[in-house]
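So the chains spell out like this:
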Amino acid sequence: MTVSQETGSTAVAQETGPVHPDRAAPSRRTVVAAVGAVGLAAALTACGSEDDGGSEPAGNASAAGGGQELGKTSDIPEGGGKIFADQGVVVTQPKKGEFKAFTSTCTHSGCKVTKVEAGTIDCPCHGSKFSIEDGSVKNPPATKPLPAEQITVSGDSISLA
């Protein structure tokens, strides 16, 4: 179908597709929402576990990776800790047999902490240091403590809760 329109002394012709009175074209908002939903579904699928036959019930899984074994209690030095970078967790042993876990992301500017020594969890970006006992700030510029993560200790095995 060709539609002609007169603008002043010039005629403009525009080609249009067939018009279906029962179907309106989707609005831009509808198209953008549909594309967003597809993207969200793809992202959620990509975050899924490759091991669908895990032994941990889904209700016990945390956002950090529920039930995943991190290591052995012997891997965590007394008065120190170990960073599990792939899982985003720092596990510490402030006192013999007492294990704590914190996020490995600094609360100052989102850098990843890189070492645990002398009773602190240290961020290399701006020098923030956090207590291995409770994640509290021991050296600024960070002003907020490292959030605690949930772990379980079973025998000599440490796992994300």
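Everything numeric here is computed off the predicted structure, so don't read it as measured data.

**A few points about the overall build of the chain**
A tally of regular secondary structure across the chain gives 1 helix and 12 strands. Reading the secondary structure of the chain in the N-to-C direction produces β-β-α-β-β-β-β-β-β-β-β-β-β. When burial is assessed residue by residue, the chain has 24% of its 161 residues classed as buried. Expressed as a percentage of contacts within the chain between residues at least 6 apart in sequence, the contacts between residues at least 24 apart total 37%.

**Here's the deal with the sheet that holds strand S10 (residues 137-139)**
Pairing is antiparallel in the open sheet, where 4 strands are placed in the order S7-S8-S9-S10. The sheet is open, and its two edges are formed by strand S7 (115-117) and S10, each paired on a single side. In this sheet, neighbouring strand axes are inclined to one another by 35° on average, regardless of whether the strands run parallel or antiparallel. One ladder, built from 3 bridges, connects strand S8 (residues 120-122) with strand S9 (residues 129-131); its direction is antiparallel. Its bridge partner being in S9, Ile121 is matched across the sheet by Phe130.

**With respect to the state of the cysteines**
Simply put, disulfide is the name for a covalent bond between the sulfur atoms of two cysteines. In total, this model carries 1 disulfide according to the counting rule given. The disulfide bridge from Cys111 ends at Cys125, spanning 2.0 Å between sulfur atoms. Every disulfide takes its handedness from the sign of the S-S torsion; for Cys111 and Cys125 that torsion is -105°, giving left-handed. Here the residue Cys111 occupies a position in the loop between strand S6 (98-103) and S7, and Cys125 occupies one in the loop between S8 and S9, the gap between them amounting to 14 residues.

**A few points about the nonpolar core**
Of all hydrophobic cores here, the largest spans 12 residues; its members are Val90, Phe102, Cys106, Cys111, Val113, Val116, Ile121, Cys123, Phe130, Ile132, Ala142 and Leu146. Of all hydrophobic cores here, the second largest spans 10 residues; its members include Leu70, Phe84, Val89 and Ile158.

**Observations concerning the side chain of Asp122**
Counting through the fold element by element, Asp122 comes out in strand S8. At 2.6 Å, the side chain of Asp122 forms a polar contact with the side chain of Thr120.

**Details of the side chain of Ser128**
Position of Ser128 among the secondary structure elements: in the loop between S8 and S9. A polar contact of 3.0 Å, which involves the side chain of Ser128, links it to the backbone nitrogen of Ala142. Excluding its chain neighbours within four sequence positions, the residues that come into contact with Ser128 are Cys106, His108, Ile121, Asp122, Cys123, Asn139, Pro140, Pro141 and Ala142.

**Regarding the confidence of the model for the chain**
Averaged over every residue, the pLDDT of the chain is 77; the share at 70 or more is 59%. Note on residues 40-65: pLDDT under 50 across the span, and 10 contacts to partners over four residues away in sequence or across chains.

**A closer look at the environment of Ile151**
On the secondary structure map, Ile151 appears in strand S11 (residues 151-154). In the structure, Ile151 is positioned 50 residues away from Ala101 in sequence and 6.6 Å away in space, judged by C-alpha atoms. Once residues lying within four places of it in the same chain are set aside, the contact partners of Ile151 are Leu70, Val91, Phe99, Lys100, Ala101, Ile158, Ser159, Leu160 and Ala161.

**Comments concerning the pattern of salt bridges**
As enumerated under the stated definition, the model contains 4 salt bridges in all. With a closest N to O distance of 3.5 Å, Lys100 and Glu98 form a salt bridge. We classify Glu98 as partly exposed; its relative accessible area is 28%. In this structure, the salt-bridge partner of Glu117 is Lys115, at a minimum N-O distance of 3.5 Å. The exposure class assigned to Glu117 is partly exposed, which follows from its relative accessible area of 41%. Owing to a relative accessible area of 39%, Lys115 belongs among the partly exposed residues under this scheme.

Conventions used here
- Residues numbered from 1 in each chain as written.
- Predicted model: local features only at pLDDT ≥ 70, side-chain atom pairs only at ≥ 80, totals over all residues.
- Heavy atoms only, no water.
- Helix = DSSP H or I, 4+ residues; strand = E, 2+ residues; numbered from the N terminus.
- Buried < 20%, exposed > 50% of the residue type's maximum accessible area, 1.4 Å probe, protein only.
- Contact = heavy atoms within 4.5 Å.
- Pairing = 2+ DSSP bridges.
- Axes fitted to C-alpha atoms, helices over the stretch in contact; angles between N-to-C directions.
- Disulfide = S-S within 2.5 Å.
- Core = buried A, V, L, I, M, F, W, Y, C linked by side-chain atoms within 4.5 Å.
- Polar contact = N/O pair within 3.5 Å; in protein donor to acceptor, adjacent residues only side chain to side chain.
- pLDDT = per-residue confidence, 0-100.
- Salt bridge = Lys/Arg side-chain N within 4 Å of Asp/Glu carboxyl O.

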